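Geometric and topological summary
Here is what each chain is made of, one letter per residue.
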Amino acid sequence: MRIGDAAASAGTTPRALRFYEQRGLLAPPARTSSGQREYGAEDVARVRLVRELLASGLTVEDVRACADRLHLLASGGPVVCTATEPGSPGVVGQRLAALDAEIARLTDLRQTLARKVGAPAAGRAGPAGAEPATGET
């Protein structure tokens, strides 16, 4: 399938497919005799996987570090993104640590703001002061 159809099937844009190819997340596709890119179902599945990993908080560089093993994840197996230095937590471990740090920072920020304006503690009110959900229907 051509780049527009492949992008639509993967839920992205042709520009994103070219970007993923340039960054090493997607292998250069086969070309037609006229030079147009031709993608297969495996390419579309890989783009979906890349998008899922990016949406999960990994960066393009994080995914690139594991790009040679993404086919293992696509087949349902575990993927180990090892660190370049022994004892280092690796790509996913580093990203999880960064997310944990950001969650802690935002929690502290929320608590500071809540104290200043006398807002309820976390978990007591929903968006815009709405009553908390009770689970009743």
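Rules used throughout
Residues numbered from 1 in each chain as written. Predicted model: local features only at pLDDT ≥ 70, side-chain atom pairs only at ≥ 80, totals over all residues. Heavy atoms only, no water. 1 Å grid on protein atoms, 1.4 Å probe; cavity = no way out; pocket = protein on both sides within 12 Å on 5 of 7 lines; lining within 4 Å. Points joined across faces, edges and corners; volume = space filled by probe spheres on them. Helix = DSSP H or I, 4+ residues; strand = E, 2+ residues; numbered from the N terminus. Nonpolar A, V, L, I, M, F, W, Y, C, P; charged D, E, K, R; others polar. Contact = heavy atoms within 4.5 Å.

Where empty space is left in the structure can be found by rolling a water-sized probe over the atoms. Taken as a whole, the largest pocket holds about 190 Å³ of empty space. Lining the largest pocket are ten residues, and of these Glu 42, Asp 43, Ala 45, Arg 46 and His 71 lie nearest its centre. For the lining of the largest pocket, the elements supplying multiple residues, two or more each, are helix H3 (41-55) and helix H5 (70-74). In terms of residue count, the dominant contributor to the lining of the largest pocket is H3 (five residues). Considered class by class, the residues forming the lining of the largest pocket number six nonpolar, one polar and three charged.

Attention now moves to the environment of Gly 57. As for its placement among the helices and strands, Gly 57 is situated in the loop between H3 and helix H4 (60-65). Spatially, the C-alpha atom of Gly 57 lies 7.9 Å from that of Leu 99, the residues being 42 residues apart in sequence.

Right, let's talk about the side chain of Glu 21 for a bit. Structurally, the position occupied by Glu 21 is in helix H2 (residues 14-22). Beyond its immediate chain neighbours, meaning those up to four positions away, Glu 21 contacts Leu 26, Pro 28, Pro 29, Arg 31, Arg 37 and Tyr 39.

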